[in-house]
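Observations on the three-dimensional arrangement
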Amino acid sequence: MSPSIVQSNGHSNGHTATNGHATNGSQSTPLPAKPTHANTSDGFSTRAIHIGSEHSSETGAVIPPISLSTTYAQSAVGVHKGFEYTRSLNPNRDSLERMLAGLETNGGKALAFASGSATTATILQALGTGAHVLSINDVYGGTFRYMSKVASQLQGLETTFVDFDSATDEEVLASIRPNTKLIWIETPTNPTLRLPPIAHITSLIHSLPAASRPLIAIDSTFLSPFYVSPLSAPISADLAVHSITKYINGHSDVLMGAVILPNASTAEANGNKDTIDALYARLQFLQNAHGAVPGAFDAWLALRGAKTLSLRMKEHGRSAIKLARFLLAHPLVKEVIYPGLAEHPGHNSAAKILAPHARKFVDEWVLADEAKEGNERKGKGDFPFGGMVSFRIGRAGELADEGAAERFLTRTRLFTLAESLGGVESLAELPEKMTHGSIPPAERLALGITPDLVRLSVGVEDIDDLIADVEQALSWAVEGWNSTSTSVASSDSE
Ligand SMILES: Cc1ncc(COP(=O)(O)O)c(C=O)c1O
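Residues numbered from 1 in each chain as written. Predicted model: local features only at pLDDT ≥ 70, side-chain atom pairs only at ≥ 80, totals over all residues.

- An unreviewed UniProt entry annotates the protein as cystathionine gamma-lyase of Sphaerobolus stellatus.
- Recorded under Pathway (unreviewed entry), the UniProt text for the protein is reproduced unchanged: "Amino-acid biosynthesis; L-cysteine biosynthesis; L-cysteine from L-homocysteine and L-serine: step 2/2."
- Listed in UniProt under the heading Sequence similarities (unreviewed entry), the comment for the protein reads: "Belongs to the trans-sulfuration enzymes family." (UniProt positions renumbered as here; feature names shortened; annotations may be inferred.)

As structure tokens, this is what we get:
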């Protein structure tokens, strides 16, 4: 099945109407054909709302119907409307994949999987046996697990975990072997939100001969296609990877992942079009062979969720920077980690890799921020950069209070204590015991995942409510709980 068959079916009806119109109007010069519904030169939100959501040619439905059928009728053997069996493709997954490809700047084709983890596994499997991968060292725990505990055993995959923040160019180049097939980077890392000089690293990899250079994959889950466009300059990666479970779907009700590959002209410019074509064919083959695909309803939900991605990402960013500034000024907080803060070590890297549509939003935000006066205007150079904020609880200079983070997490009213991120509702967690609990303690410590580290996924509730929630939980967790327990004790004794 080729997704283009479906697309052309949808569009051809529109053209028929236009043709009719032309014959009724001028006798000599036919009117130009009606433009197609949406295309990749439209703005980010336009693409999110329209690509993949073409009106139904059958009923005129503005929202694509959910096609739950597992199989599709053929008018003769092998003659069908582009769909045979739902594992290979169904109309909703096709809509979603086209939208995802259209949403990613320079995107060509997308493939959706049953989870972000299934996406990662399939990409690594596509490398075949005996390959070597260079991965950022504090990669998502599930990716680390798959590389070091599954692919290593099942396909002999070797992975070198590199600290791209501190590695010199020589060290990076020296870690590349003849069988290095892939460079795997996350933007930013989880939960310490490190942002190595990604554009510099990818340009270093691009300086290698195109025929032999490893592919570059960026797991851009934390930023979504709104803040960063991995397939375009200055990153120019070969694969953009997302856990759709997070921001793209955005409502904490779908588990899904996707990979997006560059369009033909981008791959041509990168000098590896044949490799990208072959990789897409291999990934599509594995997608069908494994069957780890999203169902029609989930694809429909994710398509709907992505329509508001831009609105949500802007609000997540505006609220996150406000909360980060609040935490920065708070006496019961030791450290705030948010790449949009001017003091974050990856701040320049963040500014450099902003997607053009995000840059426009950020520039407008900075102008408005600069117009503020007095106390309202806080850090110079800050800007919104996603919705994830991490912080270390406690007074600067005092010994870590091991229980403070856990107390904070049980005291919040609006921040729900839960894993995951990227939904409209705010979440908070303790990486040391939750998302990163399976990493050996020494490694966890080396990565800065300490017992006082709290990770927040800042939702799109009213920011004043979120700040008030954090404020009350902070003061209770660090100092209030003692007096509370005293007063409880005293009331007990009455
Ligand atoms: C950065 C990153 N990549 C991939 C994944 C895996 O995604 P999923 O949970 O959809 O399998 C996650 C999940 O938290 C993640 O944070």
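Re the overall build of the protein
- Within the protein, the secondary structure is distributed over 17 helices and 12 strands.
- In terms of C-alpha radius of gyration, the protein reaches 25 Å, essentially the compact-globule figure of 23 Å for 494 residues.
- The long-range share in the protein, meaning contacts at least 24 apart out of those at least 6 apart in sequence, stands at 73%. (Helix = DSSP H or I, 4+ residues; strand = E, 2+ residues; numbered from the N terminus. Rg over C-alpha atoms; globule rule 2.2 N^0.38 Å. Contact = placed C-beta atoms within 7 Å.)

Examining helix 4 (residues 116-125)
- Across the 10 residues of helix 4, 9 count as buried, placing the element largely inside the fold.
- Of all the positions in helix 4, only G116, A118, T119, T120, A121, T122, I123, L124 and Q125 are classed as buried.
- For helix 4, the elements touching its buried residues are strand 1 (107-113), helix 5 (141-154), strand 5 (215-219), strand 6 (239-243), strand 7 (257-262) and helix 10 (273-290). (Buried ≥ 20, exposed ≤ 12 C-beta atoms within 10 Å, placed from the backbone.)

Concerning the pairing of strand 5
- Counting buried residues along strand 5, 5 of its 5 residues qualify, which places the element largely inside the surrounding structure.
- Here strand 4 (residues 180-186) runs beside strand 5; their pairing, made up of 5 bridges, is parallel. Of the residues in strand 5, the one forming a bridge with W184 is A217.
- Handedness of the crossover is the feature at issue here: the chain leaves strand 4, passes through helix 7 (residues 198-206), returns alongside strand 5, and the resulting connection is right-handed.
- As paired elements, strand 5 and strand 6 share 3 bridges and run parallel to each other. Bridge pairing in strand 6 places I218 opposite A240. (Pairing = 2+ DSSP bridges. Right-handed = clockwise from strand over helix to strand, strands pointing away.)

A short note on the sheet that holds strand 2 (residues 132-136)
- Across the sheet, 7 strands lie side by side as 1-7-6-5-4-2-3; this open sheet has mixed pairing. Each edge of the open sheet carries a strand with a single partner, namely strand 1 and strand 3 (158-162). Going from strand to strand, the sheet's axes swing by 20 degrees on average, the running direction of each strand aside.
- Across 5 bridges, the pairing between strand 2 and strand 3 is parallel. Each residue of the ladder has a partner; that of H132, found in strand 3, is E158.
- Contacting strand 1, strand 5, strand 6 and strand 7, helix 4 crosses the sheet at an angle of about 45 degrees to strand 7. (Axes fitted to C-alpha atoms, helices over the stretch in contact; angles between N-to-C directions.)

Side note on the sheet that holds strand 9 (residues 388-393)
- An order of 8-9-12-11-10 is seen for the 5 strands of this open sheet, with the pairing classed as mixed. In this open sheet, the two edge strands, each paired with only one partner strand, are strand 8 (333-337) and strand 10 (416-417).
- As paired elements, strand 9 and strand 12 (residues 453-457) share 5 bridges and run antiparallel to each other. Across the sheet, the residue bridging to S390 is R455, located in strand 12.
- Across the sheet, helix 15 (residues 404-411) is in contact with strand 9, strand 10, strand 11 (427-429) and strand 12; its angle to strand 12 comes to roughly 25 degrees.

Things to note about the environment of E343
- Along the chain, the position of E343 falls in the loop between strand 8 and helix 13 (347-353).
- Looking at E343, the number of C-beta atoms within 10 Å reads 13, which means it is partly exposed.
- In this structure, the C-alpha to C-alpha distance between E343 and G381, residues 38 residues apart in sequence, is 8.9 Å.

Topic: the nonpolar core
- The biggest cluster of nonpolar side chains holds 124 residues, and the ones touching the most others in it are A217, V259, A302, V389 and V454.
- Take this core: its biggest share by element is 8 residues, from helix 12 (residues 309-328).
- In this structure, this core is formed jointly by two domains, domain 1 (82-306) and domain 2 (309-490), each of which donates at least three residues.
- What A217 contacts, discounting residues up to four positions off in sequence, is I123, L182, W184, A237, D238, L239 and V241. (Core = buried A, V, L, I, M, F, W, Y, C linked by C-beta atoms within 7 Å. Domains from an automatic or database assignment.)

Focus on the packing of helix 4 against helix 10
- The interhelical angle for the contact between helix 4 and helix 10, taken along N-to-C directions, is 125 degrees, at an axis separation of 10 Å. Between helix 4 and helix 10, the crossing angle belongs to the class labelled oblique. As helix 4 packs across helix 10, the resulting crossing turns out to be right-handed. Together, T122, I123 and Q125 of helix 4 and L283, L286, Q287 and H290 of helix 10 make up the contact between the two elements.
- The residue makeup of the contact of helix 4 with helix 10, split by class, is 3 nonpolar, 4 polar and no charged. (Parallel < 35°, antiparallel > 145°, perpendicular 65-115°, else oblique. Left-handed = near helix turned anticlockwise from the far one by under 90°. Nonpolar A, V, L, I, M, F, W, Y, C, P; charged D, E, K, R; others polar.)

Re the domain arrangement of the protein
- Under the domain assignment used here, the protein contains domain 1 (82-306) and domain 2 (309-490).
- Computed from C-alpha atoms alone, the centre-to-centre distance between domain 1 and domain 2 is 27 Å.
- Contacts between the two partners involve 30 residues from domain 1 and, on the opposite side, 35 residues from domain 2.
- Here the element with the most residues in the side of domain 1 that touches domain 2 is helix 8 (residues 224-227); it accounts for 3 residues.

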